[in-house]
Amino acid sequence: MCATPEDLLAALAFHDGSPLPRTALEEIIRRKDEMTPHLLDSLGKCLEHPGSFLGGERQLLPVYAGYLLAQFREPRAFPLLIALFAHRSKELGELWSDTVLGDMGNLLASVYDGNETLLHTLVENPNADEYVRGNGAIGAYLALLSSGRIPSDAVETYFRELLEHKLEREPSNVWDMLATAIGELGLVNLLALIRAANEEGLCDPWCGSIEQVEELALKGGRPDWKTEYHLIEDAIGEMTDWDCFSPLEKLMSMFELPEPFDAASPKNRTTPIRVSVPVTGRNEPCPCGSGKKFKKCCGDGAAIMAKREVMLAQPLRVRISLCGTDPEVWRELVVPGRFTLLDLHRVIQLVMPWDGGHLHCFTHAGKSYYAEREWANSRKDGLDHEMLLHDLNPDADLVYTYDFGDNWCHDVQVFRDAPAAADLPLPRCLGGANACPPDDVGGIGGYYHALEILKNPEAEDHDHFVEWLGADFDPTAFDVADANANLEKWGRQPRS
């Protein structure tokens, strides 16, 4: 008996560690005309009641529907996906994983119905998620251009309008993606406008310095940009390698951690910051030895502020250790005394270095600190990301976590015994050891698994990792000069 459309949709039920339902997906593709209305209906129901798809067997049904309809080039899916991606509800934010976000532009371009005005509403909607507007909607323009569905002069004209007057003058991923697109497409006529936006602090230097954008554009763009921005041709192929379809035992085996770095080892012991205020009565002699009463000396408000200014003028030494690595991946820096957690985040990204494409947060004394801009969809409970390093509790651990999938945790220690800075620009890297793992390798376990594969030319995935990491990838490599070049380039960037 032939399976009904309801049977096929039920066969897409998802459980942790369940394999990709390839047979059901192949049957749906074979019965494209019959199944298309049912897939569209799934997207409509998700828009109306997103909570009913969370945490159950239907968790991935909207995702399957989006990819299948993209392969089918179904234009009726375009307004539905626009509405789903633009919605700011927590439930819809959880349904679209990082993987879908990476393909969002390609999905939209694949179902594009010719209504460019509707695509404009997503790009220009200040209430939509910035990454949906940038990676998704601007990415869709690149995929449409790549596939010949929209002419290059129309793209350049619209990007000019965005740069000149259609975008709010606030930093966001839209500005970052415009800068990226101008460089990759070689849109030299827009360089003056993106440089002006950069000087306003609208573009995040993590996405590439303005010098890199200009250099790439003047060379005619990135030759292989079309490999990233393309229409969905094979929905099953796009989803096959997703981690959620790997057996749980395989996933767990990737996270067998080596012995963690021993912070208590004598060779790693240092003296942390101690900022203390004497417990002294206002009328008692000042403990500084001046002979004056405390209230007339160090207890005076103006004196306290003056001493704080002196303290903040002193640079700090910061040591960052990537937890779980053996041999230890570490970096040591001197940073200005007025450095904030946000500054520290950016510097860690540069000296490790990471790609900067994932969320991050600091945890300290049982509290979380993060950039609200990154978490705007779902979280409002974070604390001030602009906190000064000098104001942290010296007795509490400071942990920096980057990428909540791979979960790269860094132990961060801050010390007041920074060496004399002389005339050297700050921040500055003093030293470090061993290469930073690549983004998206699967955490510590995935990284060490990749290193083992690289050593074994007979391994099944050897060619894949050689192509990804390079045959000459050296896990012991670290160049302090390269780290300082990155820091100096960042130091020249205007920051809001």
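Refer to the structure above for everything that follows.
Residues numbered from 1 in each chain as written. Predicted model: local features only at pLDDT ≥ 70, side-chain atom pairs only at ≥ 80, totals over all residues. Heavy atoms only, no water.

Colleague: When you look at the overall build of the chain in this model, what are you seeing that I'm missing?
Modeller: The helix and strand inventory of the chain stands at 20 helices and 7 strands. For the chain, the residues scored as buried account for 47% of the 496 residues in total. Counting contacts in the chain only where the partners sit at least 6 residues apart, residues at least 24 apart contribute 72% of the total. As presented, the chain carries roughly 24100 Å² of accessible surface, and 51% of it is formed by carbon and sulfur atoms. (Helix = DSSP H or I, 4+ residues; strand = E, 2+ residues; numbered from the N terminus. Buried < 20%, exposed > 50% of the residue type's maximum accessible area, 1.4 Å probe, protein only. Contact = heavy atoms within 4.5 Å. Areas by Shrake-Rupley, 256 points an atom, 1.4 Å probe, with all protein chains shown as cover.)

Colleague: Help me out: how do you make sense of helix H8 (residues 116-123) in this one?
Modeller: In an α-helix, one turn spans 3.6 residues, which is why side chains three or four residues apart end up on the same side. Among the residues of H8, those classed as buried are Leu 119, His 120, Leu 122 and Val 123. Mapping the buried residues of H8 onto a view down its axis gives an arc of 160 degrees, with all of them on the same face. (Arc of directions from axis to C-beta.)

Colleague: Please clarify how the packing of helix H11 (residues 173-185) against helix H12 (residues 191-199) should be interpreted in this entry.
Modeller: Where H11 meets H12, the axes come as close as 11 Å, and the angle between the chain directions of the two elements is 145 degrees. For the element pair H11 and H12, the recorded crossing hand is left-handed. Packed against H11, whose contacting residues are Trp 175, Leu 178, Ala 179 and Ile 182, the element H12 presents Leu 191, Ile 194 and Ala 197 at the interface. (Axes fitted to C-alpha atoms, helices over the stretch in contact; angles between N-to-C directions. Left-handed = near helix turned anticlockwise from the far one by under 90°.)

Colleague: How do you make sense of the pattern of salt bridges when you look at a structure like this?
Modeller: Under the definition given, this model contains 19 salt bridges. Its salt-bridge partner being Arg 169, residue Glu 200 comes within 2.5 Å of it at the nearest N-O pair. One end of the pair, Glu 200, is in the loop between H12 and helix H13 (210-218); the other, Arg 169, is in the loop between helix H10 (152-166) and H11, with 31 residues separating them in the sequence. Arg 169 sits in the partly exposed class, given a relative accessible area of 35%. (Salt bridge = Lys/Arg side-chain N within 4 Å of Asp/Glu carboxyl O.)

Colleague: I would appreciate a short explanation of the packing of aromatic side chains in the present structure.
Modeller: What the rule picks out here adds up to 9 aromatic pairs. Taken together, a centroid distance of 5.0 Å and an interplanar angle of 35 degrees make the contact between Trp 354 and Trp 408 tilted. With Trp 354 in the loop between helix H17 (341-351) and strand E3 (360-364) and Trp 408 in strand E6 (residues 408-415), the pair connects residues that are 54 residues apart, well separated along the chain. Since its relative accessible area comes to 1%, Trp 408 is described here as buried. Considering the side-chain rings of Tyr 447 and Tyr 448, the 5.4 Å spacing of their centres and the 55 degrees angle between planes classify their relative orientation as tilted. The ring of Phe 53 is capped by Arg 58, whose NZ or CZ atom sits 4.0 Å from the centre of that ring. (Phe/Tyr/Trp six-rings, centres within 6.5 Å; stacked < 30°, edge-to-face > 60°. Lys NZ or Arg CZ within 6 Å of the ring centre and 35° of its normal.)

Colleague: Would you take a moment to explain the nonpolar core for this structure?
Modeller: What tends to happen in soluble globular proteins is that the nonpolar side chains get buried as a cluster. Counting 87 residues, the largest nonpolar core has Leu 108, Ile 138, Phe 159, Ile 194 and Met 239 as its most contacted members. Those residues in contact with Met 239, other than ones at most four positions away along the chain, are Leu 20, Leu 25, Tyr 64, Tyr 67 and Phe 245. By size, the runner-up hydrophobic cluster in this structure holds 41 residues, among which are Ile 348, Ala 450, Phe 465 and Ala 483. (Core = buried A, V, L, I, M, F, W, Y, C linked by side-chain atoms within 4.5 Å.)

Colleague: I keep staring at the pairing of strand E2 (residues 329-335) and nothing clicks. Help me out?
Modeller: Consecutive side chains along a regular strand alternate between the two faces of the sheet. Extensive coverage of E2 is indicated by the burial of 6 of its 7 residues. The pairing of strand E1 (residues 316-322) with E2 spans 7 bridges and is classified as antiparallel. Across the sheet, the residue bridging to Ser 321 is Trp 330, located in E2. Count of turn residues in the E1/E2 antiparallel hairpin: 6 residues, of which Gly 324 carries a positive phi of about 85 degrees. One ladder, built from 5 bridges, connects E2 with strand E7 (residues 428-433); its direction is antiparallel. Paired with Arg 331 across the bridge in E7 is Gly 432. (Pairing = 2+ DSSP bridges.)

Colleague: Can you walk me through the side chain of Asp 406 in this structure?
Modeller: Turning to its location among the elements, Asp 406 is positioned in the loop between strand E5 (398-402) and E6. Within the structure, Asp 406 has its side chain in polar contact with the backbone nitrogen of Asp 440 (distance 3.2 Å). A distance of 3.2 Å separates a polar side-chain atom of Asp 406 from the backbone nitrogen of Val 441. With residues near it in sequence (within four places) discarded, Asp 406 still touches Asp 439, Asp 440, Val 441, Gly 442 and Gly 443. (Polar contact = N/O pair within 3.5 Å; in protein donor to acceptor, adjacent residues only side chain to side chain.)

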